[in-house]
Amino acid sequence: MTKRTRQMVAVAAAIGEATFNEIMSGCRRRPLPLLRYLVAQELLKSGYSLSKAGAELNIDHVTVMHWMNTLEMIHSCKTYKAELDIERDFLRWIQEIDS
């Protein structure tokens, strides 16, 4: 796992009040899946392929594809306000790391 990925997972853990290991575990307890989705999304934005993003998170590339579809659904549905708030906070923290 790259330093950048470790930083993103650490940010996700802080926002989601979870541990690094919980995020990497594959546990489906909310909001852990969303936090993994957000890390995967940032990896893809950074130029990672589906396979490389999956390898960074120890998952299959098809799972990353599924997550991207899930994020699109979350954006299109107003009942996911808490998830959208988490996404907003994650992206803000990532921007601070990048600057």
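See the structure above.
Residues numbered from 1 in each chain as written. Predicted model: local features only at pLDDT ≥ 70, side-chain atom pairs only at ≥ 80, totals over all residues. Heavy atoms only, no water.

Describing the nonpolar core
Here is a general trend for soluble globular proteins: nonpolar side chains tend to be buried in one another's company.
Argument step 1. In this structure, Ile23, Leu34, Val39, Leu43, Leu57, Leu71 and Phe90 are the most contacted members of the largest nonpolar core, which totals 28 residues.
Argument step 2. For this core, the secondary structure elements donating two or more residues are helix H1 (3-15), helix H2 (20-25), helix H3 (32-45), helix H5 (61-76) and helix H6 (81-98).
Argument step 3. With eight residues, the top contributor of residues to this core is H3.
Argument step 4. Discounting chain neighbours no more than four positions away, the residues touching Leu43 are Thr5, Met8, Tyr48, Ala53, Glu56 and Leu57. (Core = buried A, V, L, I, M, F, W, Y, C linked by side-chain atoms within 4.5 Å. Buried < 20%, exposed > 50% of the residue type's maximum accessible area, 1.4 Å probe, protein only. Helix = DSSP H or I, 4+ residues; strand = E, 2+ residues; numbered from the N terminus. Contact = heavy atoms within 4.5 Å.)

Things to note about the packing of H3 against H6
Argument step 1. Where H3 contacts H6, the axes come no closer than 10 Å and their chain directions differ by 45 degrees. One way to sum up the angle between H3 and H6 is to call them oblique. Once H3 is placed against H6, the crossing between them reads as right-handed. For the pair formed by H3 and H6, the contact residues are Leu34, Leu35, Leu38, Val39, Gln41, Glu42 and Lys45 on the first element and Glu83, Ile86, Glu87, Phe90, Leu91 and Ile94 on the second. (Axes fitted to C-alpha atoms, helices over the stretch in contact; angles between N-to-C directions. Parallel < 35°, antiparallel > 145°, perpendicular 65-115°, else oblique. Left-handed = near helix turned anticlockwise from the far one by under 90°.)

What about the packing of aromatic side chains?
Argument step 1. According to the stated counting rule, one finds one aromatic pair in the structure shown.
Argument step 2. Where Tyr37 meets Trp67, the ring centres are 5.2 Å apart and the plane angle is 50 degrees; that geometry is what we call tilted. Residue Tyr37 is found in helix H3, and its partner Trp67 is found in helix H5; the two are separated by 30 residues along the sequence.
Argument step 3. Assessed through its relative accessible area of 7%, Trp67 is described here as buried. (Phe/Tyr/Trp six-rings, centres within 6.5 Å; stacked < 30°, edge-to-face > 60°.)

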